[in-house]
Amino acid sequence: MEPPFIPEYNKPDAPGIAMNFDNTVSLYHIVEPEDDFVKAASDVFALLKQAEAAYPGWPRVFYVDIRGHAGPRHGFTDDFFEFQQDFWFATIAHFVTAFELPLTGPLVNPNPQRNDLPDTLVIREPGEDPA
């Protein structure tokens, strides 16, 4: 079995999408203090969609910084703890080769990156009927 591809970590200097020397694509997003969970989730999903459209199937490394949103859950508000734990691992992590979040530090996806992104992101409140 072939070992997993581990990209070089090159966090871009500015938010957006950057092509790297090792044929990976870096995505970098900063969550600002005025952003709520829905805006942050929508923004990272949109950046992921843009990267796949511009560089289909290329290994992606996603970097996220979070400004503000300090709270009691490992240094973050409940929403941004959930953003980094539940939302990220359930929704975004499958579609990248590696990522770096303030809560986790750098991590490599143990599974191959998926490129079959859904067309849209739907965020429901807990207990909300999906219909």
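Analysis parameters
- Residues numbered from 1 in each chain as written.
- Predicted model: local features only at pLDDT ≥ 70, side-chain atom pairs only at ≥ 80, totals over all residues.
- Heavy atoms only, no water.
- Helix = DSSP H or I, 4+ residues; strand = E, 2+ residues; numbered from the N terminus.
- Buried < 20%, exposed > 50% of the residue type's maximum accessible area, 1.4 Å probe, protein only.
- Contact = heavy atoms within 4.5 Å.
- Areas by Shrake-Rupley, 256 points an atom, 1.4 Å probe, with all protein chains shown as cover.
- Salt bridge = Lys/Arg side-chain N within 4 Å of Asp/Glu carboxyl O.
- Pairing = 2+ DSSP bridges.
- Axes fitted to C-alpha atoms, helices over the stretch in contact; angles between N-to-C directions.

Caption draft 1: Focus on the overall build of the protein. Regarding its fold elements, the protein presents two helices and five strands. Listing each helix as α and each strand as β along the protein from the N terminus yields β-β-α-β-α-β-β. Here the protein, with 131 residues, has 37% of them falling under the buried criterion. Restricting the contact set of the protein to residue pairs at least 6 apart, pairs at least 24 apart contribute 59%. Surface accessibility of the protein: about 7,400 Å² in total, with carbon and sulfur atoms responsible for 53%.

Caption draft 2: Seen up close, unusual backbone geometry. Although it is not a glycine, H69 adopts a positive phi angle of roughly 60°. The residue H69 is located in the loop between β3 (60-66) and α2 (78-92) in this model. One non-glycine residue, H74, adopts positive backbone phi at about 55°.

Caption draft 3: Quick peek at the pattern of salt bridges. Tallying each qualifying case throughout the model produces six salt bridges. Its salt-bridge partner being R114, residue D116 comes within 3.0 Å of it at the nearest N-O pair.

Caption draft 4: Fine view of the sheet that holds strand β4 (residues 98-101). The strand order across the open sheet formed by five strands is β1-β2-β3-β4-β5, and the pairing between neighbours is mixed. Whereas interior strands pair on both sides, the edge strands pair on one side only; in this sheet they are β1 (16-19) and β5 (105-108). Between one strand axis and the next, the sheet turns by 15° as a mean value, whatever way the strands run. Note that β4 and β5 share four bridges and pair antiparallel.

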